[in-house]
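Structure at a glance
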Amino acid sequence: MTVDASITLLASVGTVDPLGCSDWDARVAEHPQSTIFHGSGWARVLRDTYGHRPYYFTRFEGRQLAGLLPVMEVSSWLTGRRGVSLPFTDFCPALQGAGGQERDLYEKAMACGRQRGWKFLECRGFDEAWEGSQPSLTFWSHQIDLAVGQVKLFEGMESSVRRAVRKAERAGVTIDFDKGEQSMRTFFKLHCGTRRRHGLPPQPWRFFLNIQRHLLGVGRGFTATARLYNRPLAAAVFFHDGRQALYKFGASDYAFQQLRPNNLVLWEAMKHCAELGLAALSLGRTSLSNKGLRRFKLGLGANEEEIRYAKYDFSTKQFIRDVDRNQGWFNRVFARLPLPVLRLSGAVVYPHLS
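Below, the structure is looked at part by part. What you are looking at is a predicted structure, and each value in this text was computed from that prediction instead of being measured.

1. With respect to the overall build of the chain
Looking only at helices and strands, the chain has 11 helices and 14 strands in total. Relative to the 2.2 N^0.38 estimate, which gives 20 Å for 354 residues, the radius of gyration of the chain is 20 Å and therefore close to what a compact globule would have. Along the first, second and third principal axes, the C-alpha atoms of the chain reach 60 × 45 × 35 Å. For the chain, buried positions account for 54% of its 354 residues. Intrachain contacts of the chain at a sequence separation of at least 6 include 71% that bridge at least 24 residues. For the chain, the exposed area adds up to about 16,300 Å²; of that, 50% sits on carbon and sulfur atoms. Put simply, the chain has 48 plus and 33 minus side-chain charges, and the middle of one group is 8 Å from the middle of the other.

2. Overview of the environment of alanine 269
As for its placement among the helices and strands, alanine 269 is situated in helix H8 (residues 261–275). In this structure alanine 269 comes out as buried when scored by relative accessible area, which is 0%. Placed 92 residues apart in sequence, alanine 269 and phenylalanine 177 show a C-alpha to C-alpha distance of 8.5 Å. The contact partners of alanine 269, leaving out residues within four places of it in the chain, are Phe177 and Phe238.

3. Quick look at helix H6 (residues 181–197)
Between its first and last C-alpha atoms H6 spans 25 Å; for 17 residues at 1.5 Å apiece the expected length is 24 Å, and the two agree. Where H6 terminates, the next one or two residues include glycine 199, which has phi positive at roughly 70°.

4. Re the packing of aromatic side chains
Counting across every chain of the model gives 26 aromatic pairs. Measuring from ring centre to ring centre gives 5.1 Å for phenylalanine 222 and phenylalanine 238, while their planes differ by 20°; the resulting arrangement is stacked. Residue phenylalanine 222 is found in strand E9 (residues 221–228), and its partner phenylalanine 238 is found in strand E10 (residues 231–240); the two are separated by 16 residues along the sequence. An aromatic cluster is defined as three or more aromatic residues linked by ring pairs; in this entry it consists of Phe37, Trp42, Tyr50, Phe88, Phe187, Phe188, Trp205, Phe207, Phe208, Phe239, Phe249 and Tyr350. The side chain of arginine 285 reaches across the aromatic face of phenylalanine 139, ending 4.3 Å from its centre.

5. Describing the pairing of strand E3 (residues 53–61)
Of all 9 residues that make up E3, 7 are buried, and the element is covered over most of its length. Two elements, strand E2 (residues 13–16) and E3, share 4 bridges in a ladder whose sense is antiparallel. When the bridges of E3 are listed, valine 16 appears paired with tyrosine 56. Once E3 ends, the chain turns through 2 residues before running back antiparallel as strand E4 (residues 64–76), passing glycine 62 with a positive phi of about 70°.

6. A closer look at the packing of H6 against helix H7 (residues 205–214)
For the pair H6 and H7, interaxial distance at closest approach is 10 Å and the crossing angle is 145°. Crossing handedness for the pair H6 and H7: right-handed. Contacts between H6 and H7 involve Glu181, Met184, Arg185, Phe187, Phe188 and His191 from the former and Trp205, Phe208, Leu209, Ile211 and Gln212 from the latter. Here the residues of the contact of H6 with H7 sort into 7 nonpolar, 2 polar and 2 charged.

7. Remarks on the environment of leucine 95
Summarising the element assignment, leucine 95 is placed in the loop between strand E5 (80–85) and helix H3 (103–116). In this structure the C-alpha to C-alpha distance between leucine 95 and valine 28, which are 67 residues apart in sequence, comes to 9.3 Å. In contact with leucine 95, not counting residues within four places along its chain, are His31, Gln33, Ser34, His38, Leu65, Ala66, Gly67, Leu68 and Glu102.

8. Some words on the pattern of salt bridges
For the structure on display, the rule yields 14 salt bridges. The salt bridge partner of aspartate 23 is arginine 27, with a shortest N-O separation of 3.1 Å. By relative accessible area, aspartate 23 is classed as partly exposed at 28%. Salt-bridge contacts for glutamate 61 lead to arginine 59; the nearest nitrogen and oxygen are separated by 3.1 Å. We classify glutamate 61 as partly exposed; its relative accessible area is 44%.

9. Some remarks on the nonpolar core
Formed by 40 residues in total, the largest nonpolar core has its most connected members in Trp24, Trp42, Phe207, Phe208, Ile211 and Phe239. Elements with a contribution of two residues or more to this core: helix H1 (24–29), helix H2 (40–50), E3, E4, H6, H7, E10 and strand E11 (244–252). The residues contacting phenylalanine 207, other than those within four sequence positions of it, are Trp42, Val45, Thr49, Tyr50, Phe88 and Phe249. Ala168, Ala234, Leu278 and Leu281 belong to the second-largest nonpolar core, a separate cluster that totals 34 residues.

Calculation rules
Residues numbered from 1 in each chain as written. Predicted model: local features only at pLDDT ≥ 70, side-chain atom pairs only at ≥ 80, totals over all residues. Heavy atoms only, no water. Helix = DSSP H or I, 4+ residues; strand = E, 2+ residues; numbered from the N terminus. Rg over C-alpha atoms; globule rule 2.2 N^0.38 Å. Buried < 20%, exposed > 50% of the residue type's maximum accessible area, 1.4 Å probe, protein only. Contact = heavy atoms within 4.5 Å. Areas by Shrake-Rupley, 256 points an atom, 1.4 Å probe, with all protein chains shown as cover. Lys, Arg positive; Asp, Glu negative; His and termini not counted. Charge placed at Lys NZ, Arg CZ, Asp CG, Glu CD. Expected span 1.5 Å × (residues − 1). Phe/Tyr/Trp six-rings, centres within 6.5 Å; stacked < 30°, edge-to-face > 60°. Lys NZ or Arg CZ within 6 Å of the ring centre and 35° of its normal. Pairing = 2+ DSSP bridges. Axes fitted to C-alpha atoms, helices over the stretch in contact; angles between N-to-C directions. Left-handed = near helix turned anticlockwise from the far one by under 90°. Nonpolar A, V, L, I, M, F, W, Y, C, P; charged D, E, K, R; others polar. Salt bridge = Lys/Arg side-chain N within 4 Å of Asp/Glu carboxyl O. Core = buried A, V, L, I, M, F, W, Y, C linked by side-chain atoms within 4.5 Å.

Shown next, in the form of structure tokens:
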């Protein structure tokens, strides 16, 4: 049963297109476990950038959203058709209700996958309600409690991080917060250079433009830019949903790393999010093998826990293990490409890697 904007959403279990439901975000916001990714903005980013199609499996109790498994169908001639919950998210758990009936949502998604000819169904949040599921990938997740106040936030950071913040301040580095397209362009330029240093192609510009239009531009996030005499040294993109914030992307000019602009960006963003009344700041996922990034996030005073994914293979009819593909021989190749070629590579490959 498919539920659209013309229906009152009284169905117990159904499939909703959030882009055709005018009050979808209001309904999602009422659920205490919802995140920015469960709303319509992220679905619009994915549809407008890559043409992905939403299948949001829902359970309503009356008019209240009690359960949600959001899935986007990715269609690629190279990697096949599959369901992902959700593409380009670090963590997107199914929303659960008091009744514990989320199994119905997974059964609905599996039936849809078989009907649509999906190769896989991948959920970026492990849920025992998915019968027979086993973890496919594991990452670290880090979160900062913003409710403790500015003094305790600063004291909670390691001494080396506090010194880095003070160093950037003494050097005259300043931070500005903005939601506009120009700030996103500034970030994107830094982002391309950073991705090249890491040996990875950047997502295409239209991806970030859609983020600015559908999220930042409607009050769902901001960019934080570190400048010295108006020269951008580092920048980061943050999302928020009124309850919690997410550090989604970061970039910097390596030539100015000694001024520690990244540390100042994170510290000022922590204060800014607290001033907005947000309770927590998520720092996203970290690969288990990336000890340096894990140490950096812990140094900010973050709490740590594991997050797990699950992936079902329709051809073998079983849950499978996956591989964290952030590192490999391809890093050396991408690191040597000129920036225009690297950007073109990202525009070509990312529609197939969602």
